[in-house]
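The primary structure of each chain is shown beneath.
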Amino acid sequence: MSTVYLVVPCYNEEAVLPETVKQLTLKLRSMIDSGRADENSRFLLVDDGSKDKTWELIAGFCRENPLCSGLKLAHNRGHQNALLAGLMTARTVCDCAF
């Protein structure tokens, strides 16, 4: 079974992040429960230098939700660079990242 990481770039997502985390948790839990993903699978939320409370929310979700991981970039670099940073981080701990 493979360890899967779902990498999600986030920029000023304060308003929608709780629902995003809820849906990602349901999807990943379903994958784990059905045997399509290993228990070590996670979703990685990458804060791309948000100016709102996105990082505070991510940090809180990571404390409460074992399926959630977070990465904070120092400055806004664009979603493609945030995705790349997340993929480069995840590659050392998973079999598949997308």
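Structure report, in brief. (Residues numbered from 1 in each chain as written. Predicted model: local features only at pLDDT ≥ 70, side-chain atom pairs only at ≥ 80, totals over all residues. Heavy atoms only, no water.)

Counting residues in each nonpolar core, the largest one holds 17 residues, and the members touching the most others are Leu 17, Leu 28, Phe 43 and Leu 45. The set of elements that each furnish at least two residues to this core consists of β1 (4-10), α1 (17-33), β2 (42-47) and α2 (54-64). If one sorts the elements of this core by residue count, α1 sits on top with 6 residues. With near-sequence residues (within four places) excluded, Leu 17 lies in contact with Cys 10, Leu 45, Thr 54, Leu 57, Ile 58 and Phe 61. By size, the runner-up hydrophobic cluster in this structure holds 8 residues, among which are Tyr 5, Val 7, Leu 44 and Cys 94. (Core = buried A, V, L, I, M, F, W, Y, C linked by side-chain atoms within 4.5 Å. Buried < 20%, exposed > 50% of the residue type's maximum accessible area, 1.4 Å probe, protein only. Helix = DSSP H or I, 4+ residues; strand = E, 2+ residues; numbered from the N terminus. Contact = heavy atoms within 4.5 Å.)

Here β1 lies mainly inside the structure; 6 of its 7 residues are buried. Of the strand pairs in this sheet, β1 and β2 are connected by 6 bridges, and their pairing is parallel. By the bridge assignment, Leu 6 is partnered in β2 with Phe 43. Read from β1 through α1 to β2, the crossover connection turns out right-handed. (Pairing = 2+ DSSP bridges. Right-handed = clockwise from strand over helix to strand, strands pointing away.)

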